[in-house]
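Summary of the model geometry
Take a look at the letters that make up each chain.
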Amino acid sequence: VVPGWAGGIVGLGYATQAVKLAVAGRHGRVSLVTRPDWRRERDTILPDTLQALAVTPLAREVAVGTIRGDVVRLTAQGTSRRGTIPGAGRVTSLAYLNERDLLATDERGNVFGWIGNGGPALLWRAPAPDSVTGTRSQMAVAAGGRELAVTVGRTVHRLRYRAGRIDDAGALACEQLTGVTPSAIAYSRSGASLIIATSTG
C-alpha cells in the first residue's frame, strides 16, 4: 500500500471518521493514505528519527514522536508545530483525545498532554520501573478519553482522566502478567475491556 519505507514503519493510525491511514517511517517520512484506492494524499519528510504516531478521527492533524523527546504536529493544511517534552527521553506512544487534545508517553512511562492551547504539561509521573530494562512504555486510551492504560516495565497502570488532569491511578492486578512484560495494549471499542499482549506471545 505504502512502498518505499527505508528503516521500517514505526507508527500507524487510522482516522476512523475520515477513512484515512497515517503512516510514519523511522527515518522521518509521514504519509496520509486515502481509501478506497489507497493513494498517498500527503507526504512529509522530517529531519528526525521517529518512534510513534497518532492521527485525529477526522485526519485534521497527525502527530509523530521522536527519539529526542520532540512531538511534531502536522495539520491538513501542511503546517507543522514542534514541541519538546521537558526532561523526556524517547516519545514511545501518542494518542488524540479528540481533534485537538493530545497525550504522549515517554520511554519511562510518564504521561504528558497538550490540552486546549496549553502544553506540553506533565500529567502523570510514572513510578520507578522494576528491574526490567530495554522495554518501551505503551499507552492505550479508552473510547471517550476518560481512562487510559500505560505500561511501565512489567506493570500496567490504569489512569483516570478528567477535566485536563489525571486524578486517579493504580497498578493493574493481573495473575497472567506475573513475570512477563507487556508488549502492546489496546482497549475494546466500548472501553469495557483492556487487551494486553506480552513478550511471551
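In what follows, the structure referred to is the one given above.
All of these numbers come straight from a predicted model, not from anything done at the bench. (Residues numbered from 1 in each chain as written. Predicted model: local features only at pLDDT ≥ 70, side-chain atom pairs only at ≥ 80, totals over all residues. Heavy atoms only, no water.)

Some remarks on the overall build of the protein
- Counting its secondary structure elements, the protein contains zero helices and 18 strands.
- Relative to the globule expectation of 17 Å for 201 residues, the C-alpha radius of gyration of the protein, 16 Å, shows essentially globular dimensions.
- Viewed in the frame of its principal axes, the protein has a C-alpha envelope of about 45 × 35 × 35 Å.
- Taken over 201 residues, the protein has a buried fraction of 46%. (Helix = DSSP H or I, 4+ residues; strand = E, 2+ residues; numbered from the N terminus. Rg over C-alpha atoms; globule rule 2.2 N^0.38 Å. Buried < 20%, exposed > 50% of the residue type's maximum accessible area, 1.4 Å probe, protein only.)

Re the environment of L148
- Mapped onto the elements, L148 comes out in strand 14 (residues 147-152).
- Through-space distance from the C-alpha of L148 to that of Y161 is 7.3 Å; in sequence the pair is 13 residues apart.
- Setting aside chain neighbours within four positions, we find L148 in contact with L103, V111, M139, A140, V141, H157, R158, L159, Y161 and Y187. (Contact = heavy atoms within 4.5 Å.)

Remarks on the pattern of salt bridges
- According to the stated counting rule, one finds twelve salt bridges in the structure shown.
- Measuring nitrogen to oxygen at the nearest pair gives 3.0 Å for the salt bridge that ties K20 to E41. Remark: E41 occurs in strand 4 (residues 39-45) and K20 occurs in strand 2 (residues 20-25); sequence separation between them is 21 residues.
- Taking the relative accessible area as the measure of exposure, E41 reaches 32% and is therefore partly exposed.
- A salt bridge links D101 to R100; its shortest N-O distance comes to 3.1 Å.
- Of the residues examined, D101 reaches a relative accessible area of 7% and is grouped as buried.
- Of the residues examined, R100 reaches a relative accessible area of 46% and is grouped as partly exposed.
- Connected via shared salt-bridge partners are D48, R68, D70 and R82. (Salt bridge = Lys/Arg side-chain N within 4 Å of Asp/Glu carboxyl O.)

Description of the nonpolar core
- With 15 residues, the main nonpolar core has V30, L46, L50, L53, V62 and V64 as its most contacted residues.
- If you list the elements that add at least two residues to this core, you get strand 1 (9-15), strand 2, strand 3 (29-34), strand 5 (50-55), strand 6 (61-66) and strand 7 (70-75).
- Examining the composition of this core, we find that three residues originate from one element, strand 5, more than from any other.
- Excluding anything up to four places from it in sequence, L53 contacts G11, L12, G13, A22, V23, A24, V30, V62, A63, V64 and L94.
- By size, the runner-up hydrophobic cluster in this structure holds 13 residues, among which are L103, L148, V150 and L159. (Core = buried A, V, L, I, M, F, W, Y, C linked by side-chain atoms within 4.5 Å.)

What about the sheet that holds strand 5?
- Read from one edge to the other, the open sheet built from four strands follows the order 5-6-7-8, with strand pairing classed as antiparallel. The open sheet has two edge strands with one neighbour each: strand 5 and strand 8 (80-84). Geometrically, the sheet is characterised by an average inter-axis angle of 20° between neighbouring strands, direction not taken into account.
- Direction of pairing for strand 6 relative to strand 7: antiparallel, over a ladder of five bridges. Counterpart to V64 in the pairing with strand 7 is V72. (Pairing = 2+ DSSP bridges. Axes fitted to C-alpha atoms, helices over the stretch in contact; angles between N-to-C directions.)

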